[in-house]
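Architecture and fold: a report
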Amino acid sequence: MKAKITLLTLLFLGLSIGFAQQNEEDMATLSIMTEYAKAKNYEAAYKPFMELRQRNPKFNRAIYVYGEKILDDKIEKSTGADKVAYVNDLVKLWEERGTYFASKTPKGEYAAKACQLMYDNKDILNKTDAELYECFDAAYKLDKATFTNPKSLYTYFSLMVELFDAGKKPAQDLFNKYDDVVEKIEGEIENYSEKLNKLVEKEDAGTPLTSKEGRYKKSYSSYLRAYDKISESVDSKLGKRANCENLIPLYQRDFETFKNDAVWLRRAVSRMFNKECTDDPLYIKLVKAYDETAPSADTKYFVAGLLLKENKETEAISYFKQSFDLEKDDYKKGKLAYRIGTILKSKGRYGQARGYFRDALKLNPSNGRPHLSIAAMYAASANSCGDTTFNKRAVYWLAADEARKAGRVDPTLKSAAAQSATSYSAKAPSKSDIFSAANSGEVIKIGCWIGASVTVPSV
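Everything numeric here is computed off the predicted structure, so don't read it as measured data.

Calculation criteria
- Residues numbered from 1 in each chain as written.
- Predicted model: local features only at pLDDT ≥ 70, side-chain atom pairs only at ≥ 80, totals over all residues.
- Heavy atoms only, no water.
- Disulfide = S-S within 2.5 Å.
- Helix = DSSP H or I, 4+ residues; strand = E, 2+ residues; numbered from the N terminus.
- Buried < 20%, exposed > 50% of the residue type's maximum accessible area, 1.4 Å probe, protein only.
- Salt bridge = Lys/Arg side-chain N within 4 Å of Asp/Glu carboxyl O.
- 1 Å grid on protein atoms, 1.4 Å probe; cavity = no way out; pocket = protein on both sides within 12 Å on 5 of 7 lines; lining within 4 Å.
- Points joined across faces, edges and corners; volume = space filled by probe spheres on them.
- Nonpolar A, V, L, I, M, F, W, Y, C, P; charged D, E, K, R; others polar.
- Expected span 1.5 Å × (residues − 1).
- Contact = heavy atoms within 4.5 Å.

**Thoughts on the state of the cysteines**
The final tally for this structure, using the stated rule, is three disulfides. Paired by a disulfide, C244 and C277 hold their sulfur atoms 2.1 Å apart. Taking the torsion about the sulfur-sulfur bond, which here is approximately -100°, the covalent link between C244 and C277 counts as left-handed. Here C244, found in helix α11 (residues 244-258), pairs with C277, found in the loop between α12 (262-274) and α13 (281-293); they are 33 residues apart in sequence, far enough to count as distant. C277 sits in the buried class, given a relative accessible area of 2%. Between the sulfur atoms of C385 and its disulfide partner C448 the distance amounts to 1.7 Å.

Next up, the structure:
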């Protein structure tokens, strides 16, 4: 019995020593790989990376973090068959990461990365548009929540357009995919806007951001700029393929089939509205069906639009109010307020429009577009809201100040806001005008719908 116990003890001891030795060896290899990779000496890092990856692939996630950079370097510096091999190996590496570190490997994100890598190297991989589209489509359906990369979202939609142009996808598939991608982009914009709003509100309250919050703000702003750019690119890619000549026959054909489908109706109405197909009788039929099927903030908004076309402005404004009151999501309510304000602005109802623009700013303070709209209305009213030539031109100070606010809160509008502010300031009284008027530092009250005051700069 003692002999058996002794043998077992020696066996366990031998195993422990073996594990310890292996662990030491793996740690040493990991350390060598990491030091080379941190120094961006990826060529030297390749050998220890491959050794550790093959010997103990679940040892440490750094194998995959640095391994991606190492293989990226190999891909960049190689050609022909070698490049194909490294591309395929990077795809394999991501698959291995998903196997050994599943909780740290979002499925949609990494599946999309693999598709994007193959797309970027499609010529040497001999991949067709159809194959690549199916890759992205599978990634999107696998885990839509983490399929968020702006470039990959654009590539995904771009491939659909190419297949449509080649006659391999029908128009309805193209428009459905456009809606999918646009809604996904809008969802990501909402996500990062809400995060940024909290930081903007903190700064506006006079509380400095911590260094960590400052980094977050920079990151959120970067993502918003990227999504803003991609959103424009997706619209541009769709282009005239979604013009009224294509949309109207399609929706006429499918109306009876989908007249009680709220999602189909919402998308059809939105697209007809955005493509300015609102003069066709079909648009009215779609709006009414949408409102009857699923009354909501959206439907009331579109009904208000119809009433405006019939010059029933009082009724239209009533529907706009219903639309605003029905929306419960703050971010969507802010977007809706901006849309309503824009329509009222186009009708010359500046006072009511400003009210909605201010609501939009309260609900989504990191969107600077309402500031630019208010600035534009001030500038357009300069000649009618001032009682003297000097005071009329003083309105441009209000406009410039409002434009500058847009640049402060919205990272996507810094350039446009600065240009607008400069333009408005150039139209305001000059230093010599102030000197001649002898009113430096005085407060001027601006009348009519503006109802605000502006202080003359000191000279």
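Next comes the rest of the account.
**Regarding the pattern of salt bridges**
Where charged atoms from two side chains of opposite charge come close, those side chains can pair. Counted under the stated rule, the structure contains 35 salt bridges. With its nearest N and O atoms 2.8 Å apart, the salt bridge here joins R53 to D89. Residue R53 is located in helix α2 (residues 42-55), and its partner D89 is located in helix α4 (residues 80-100); the two are separated by 36 residues in the primary sequence. Between D137 and K141 there is a salt bridge, and its shortest N-O distance comes to 2.9 Å. Linking D137 with K141, this pair stays in helix α7 (residues 129-142), spanning four residues, or about one helical turn.

**Regarding the layout of surface pockets**
Unfilled space is identified by rolling a water-sized probe across the atoms. Of the voids in this model, the largest pocket is the one considered here, and its volume is about 1,900 Å³. Those elements that place two or more of their residues in the lining of the largest pocket are α9 (171-204), α10 (211-238), α12, α14 (297-309) and α16 (330-346). With 11 residues, α9 is the largest single contributor of residues to the lining of the largest pocket. Per-class residue counts for the lining of the largest pocket are 16 nonpolar, 11 polar and 21 charged. In this structure, the second largest pocket spans a volume of roughly 270 Å³. Residue lining of the second largest pocket: 15 residues in total, with E109, K113, N149, P150 and S152 positioned closest to the centre. Elements with a minimum of two residues in the lining of the second largest pocket: α5 (107-120), α8 (150-165) and α10. Examining the composition of the lining of the second largest pocket, we find that six residues originate from one element, α5, more than from any other.

**Notes on helix α18 (residues 369-380)**
Between its terminal C-alpha atoms α18 stretches 17 Å, which fits the 16 Å expected from 12 residues at 1.5 Å a residue. α18 sits mainly inside the fold: nine of its 12 residues count as buried. Those residues of α18 not exposed but buried are P370, H371, L372, S373, I374, A375, M377, Y378 and A379. Its buried side turned inward, α18 meets α16, α17 (350-363), α19 (382-385), α20 (389-409) and α21 (414-427).

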